Amino acid sequence: MSNPPNVIVKLSDTLSLCEYQNPNSGHFGFWLYDETRGMNLSMRAKTAQDAFVEAIGYYQERLNSVLNEYNQLKTKVDAFIGQFAENDNYE
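The model shown is predicted, which means the values in this text are computed figures rather than measured ones.

(A) Molecular detail of the overall build of the protein chain. The helix and strand tally for the protein chain stands at 1 helix and 4 strands. The secondary structure elements of the protein chain, listed N-terminal to C-terminal, are β-β-β-β-α. Since a compact globule built from 91 residues should have a radius of gyration of about 12 Å, the 22 Å found for the protein chain marks it as more spread out than a globular shape. Among the 91 residues that make up the protein chain, the fraction classed as buried is 15%. Sequence separation of at least 24 residues holds for 9% of the intrachain contacts in the protein chain that already meet a minimum separation of 6. Accessible surface, the protein chain: about 7300 Å² in total, of which carbon and sulfur atoms supply 55%. Across the protein chain, the centroid of the 7 positively charged side chains sits 10 Å from that of the 12 negatively charged ones.

Below you can see the structure in the form of structure tokens.
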């Protein structure tokens, strides 16, 4: 069983920054936990700032992934709807 962190800072309702100070157990550094995602966004960061930078990097990558998936789906939906859309040219 792992040891609890030495310091826990509740940043918001869903974000916690934990600091471990026991290098003998392999648990040292900062962990940033997001309860919304149910995961650590950063683990073993050397500083709290490093933990935040890792978290921002994760969310940037995730945002790009979601946007790409959205654009692919939108293209497919637009093409499907385009098959049934009325032609606006009345000649």
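(B) Molecular detail of the side chain of Ser42. For Ser42, the location among the structural elements is in strand E4 (residues 39-45). For Ser42, a relative accessible area of 2% corresponds to the buried category. In this structure the side chain of Ser42 is engaged in a polar contact, spanning 2.9 Å, whose partner is the side chain of Glu54.

(C) Highlighting the packing of aromatic side chains. In the structure shown here, the tally under the stated rule is 3 aromatic pairs. Seen in terms of ring centroids, Tyr58 and Tyr59 are 5.2 Å apart; in terms of plane orientation they differ by 70°. Their pairing is edge-to-face. Assessed through its relative accessible area of 33%, Tyr59 is described here as partly exposed. Their ring planes at 65° and their centres at 5.1 Å tell us that Phe80 and Phe84 sit as a pair that is edge-to-face. For Phe84, a relative accessible area of 57% gives the class exposed.

Rules used throughout
- Residues numbered from 1 in each chain as written.
- Predicted model: local features only at pLDDT ≥ 70, side-chain atom pairs only at ≥ 80, totals over all residues.
- Heavy atoms only, no water.
- Helix = DSSP H or I, 4+ residues; strand = E, 2+ residues; numbered from the N terminus.
- Rg over C-alpha atoms; globule rule 2.2 N^0.38 Å.
- Buried < 20%, exposed > 50% of the residue type's maximum accessible area, 1.4 Å probe, protein only.
- Contact = heavy atoms within 4.5 Å.
- Areas by Shrake-Rupley, 256 points an atom, 1.4 Å probe, with all protein chains shown as cover.
- Lys, Arg positive; Asp, Glu negative; His and termini not counted.
- Charge placed at Lys NZ, Arg CZ, Asp CG, Glu CD.
- Polar contact = N/O pair within 3.5 Å; in protein donor to acceptor, adjacent residues only side chain to side chain.
- Phe/Tyr/Trp six-rings, centres within 6.5 Å; stacked < 30°, edge-to-face > 60°.

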